[in-house]
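# Architecture and fold: a report
Residues per chain, in single letters:
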Amino acid sequence: VQDYLPWFKVADAEASRRITVRHLLNQTSGLPTNARRARNDPATLADHVRALAEVEPVHAPGEVHEYSSPNCLVLGALIEQAGGRSFAEQVQDAVFTPLGMSGSFTSPPSATPAPLARMARGHRYWFGFPRPVDLAHEADRLPTAALISSVEDLGRFLQALLGSEPGASALLRPSARAEMLRPAAPSAGFSYAMGWRVGEVRGVPAIHHGGIVANFRGKMVMVPEGRWGVAVLTNASSALPLSPTSHRMADNIAALLAGRELPSVGSRFQMVQALLALAIALASLHQLRNALRLGRWRAALPGRTRRAIVWDVGVELGLPILVLVFVPR
């Protein structure tokens with residue numbers, strides 16, 4: 001990497017010299033999943049990469065696969081250095097334009113054109129109900145997230161990767177495409193290629209990957225044997241792994257198209273929501289009980305220590321905040 005970005009470094013000087021572009025692509029650089037990012041606002045892509053100078057690698061380069069978005073941030077900065085233009089401009093010229101992805105964008109333009117006027121509004125779940133949420137576009141971490149696209153355009157992209165799109169040769173040489181999709185980094189339940197997971201999806205051999213931002217989700221699944229793929233985008237997102245999501249939908253649709261039976265509809269999501277409702281009910285009853293006993297608590301105040309009073313108030317405020325705000329999100 002330092003051949004292209006001489007200023008790139010992590011907290012380990014030896015690792016800084018040894019990390020290669022292939023390590024970044026295979027997510028085997030040793031950068032931790034929670035590697036810090038730049039704290040200044042606004043931040044640039046280069047700012048995020050420079051912030052890695054204080055990050056200690058958790059593995060030696062090339063040894064272990066650990067998915068870490070900052071790998072992609074370094075790749076984006078490297079592409080900007082090599083191409084002399086922004087990452088967004090190069091994605092537009094190297095991917096969107098050759099494949100005719102006219103409904104794909106690197107940022108929401110200020111003067112909204114007709115295609116973006118149809119863009120779905122993002123949502124977050126709140127107590128199981130989707131609530132519209134508009135969040136700022138994260139242009140500073142574009143190599144990891146925040147591209148805007150449609151399922152039609154992602155279909156063209158998948159066809160190009162499968163070699164069945166007329167513009168595929170303009171995107172990658174067949175040998176480069178094969179190398180990109182070659183499993184190279186073993187992990188739990190799959191092997192990682194350059195930006196893709198290679199393994200079974202509900203028993204179907206596939207190449208797949210998903211993406212998440214706070215109010216949108218998406219996943220793509222390719223079945224090379226059949227030379228077809230699936231792209232699912234949802235305009236809702238949740239931190240709850242059991243919630244209905246593009247990832248499960250894409251996997252199940254791919255399995256269905258491959259001849260597998262759809263799984264029965266589970267009740268785990270509803271169960272989680274029921275447990276949340278129960279927790280809120282218990283917290284409410286607890287608050288009601290304490291409200292009724294407020295006079296007795298106040299009378300006992302002169303004999304209580306400051307620490308005990310702070311603890312009581314902290315519990316009474318902290319519990320409802322935890323149940324009403326953080327758990328639902």
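Higher on the page you've got the structure.
All of the points below concern the structure found in this document. (Residues numbered from 1 in each chain as written. Predicted model: local features only at pLDDT ≥ 70, side-chain atom pairs only at ≥ 80, totals over all residues. Heavy atoms only, no water.)

## Some points on the side chain of serine 29
For clarity, the threshold we go by: Helix and strand assignments come from DSSP, with helices taken as H or I runs of at least 4 residues and strands as E runs of at least 2, each series counted from the N terminus. Residues adjacent in sequence count toward polar contacts only when both atoms are side-chain atoms; beyond that, a polar contact is any pair of N or O atoms within 3.5 Å, and within protein one must be able to donate a hydrogen and the other to accept it. Note on contacts: a residue pair qualifies if any of its non-hydrogen atoms lie within 4.5 Å across the two residues.
In this structure, serine 29 sits in the loop between helix 2 (21–26) and helix 3 (45–50). Only 3.2 Å separates the side chain of serine 29 from the backbone nitrogen of leucine 31, close enough to count as a polar contact. Separated by 2.5 Å, the side chains of serine 29 and asparagine 71 make a polar contact. Ignoring sequence-local partners within four residues, the contact set of serine 29 consists of Ile19, His23, Leu24, His59, Pro61 and Asn71.

## Describing the side chain of asparagine 71
Applied cut-off: Each residue gets one of three labels from its accessible area relative to the maximum for its type: buried under 20%, exposed over 50%, partly exposed in between, using a 1.4 Å probe on protein chains only.
With respect to the helices, strands and loops of the structure, asparagine 71 is situated in helix 4 (residues 70–83). Accessibility expressed as a relative area gives 0% for asparagine 71, which makes it buried. Once residues lying within four places of it in the same chain are set aside, the contact partners of asparagine 71 are Leu24, Gln27, Ser29, Leu31 and Glu66.

## A short note on the environment of aspartate 3
One can find aspartate 3 in the segment before helix 1 (13–18). Measuring from C-alpha to C-alpha, the distance between aspartate 3 and proline 174 comes to 26 Å, with 171 residues separating the pair along the chain.

## Brief notes about unusual backbone geometry
Along the chain, aspartate 41 connects to proline 42 via a cis peptide bond; the corresponding omega equals 5°. Here proline 42 is to be found in the loop between helix 2 and helix 3. Of note, arginine 202 is a non-glycine position whose phi angle comes to about 50°, a positive value. Looking at where arginine 202 falls in the secondary structure, it is placed in the loop between strand 5 (197–201) and strand 6 (204–213). Classification of arginine 202 by relative accessible area gives partly exposed; the value is 35%. Residue arginine 227 is not a glycine yet carries a positive backbone phi of 55°. If you trace the backbone, arginine 227 turns up in the loop between strand 7 (216–223) and strand 8 (228–234).

## Quick notes on the pairing of strand 6
Defined as follows: A pair of strands is treated as paired once DSSP finds two or more bridges between them.
With five bridges joining them, strand 5 and strand 6 adopt antiparallel strand pairing. Each bridged residue has a counterpart across the sheet, and for arginine 197 the counterpart in strand 6 is histidine 208. Where strand 5 folds back onto strand 6 in an antiparallel hairpin, the turn is made up of two residues, including arginine 202, whose phi is positive at roughly 50°. Linking strand 6 back to strand 7 in an antiparallel pair, the connection comprises two residues.

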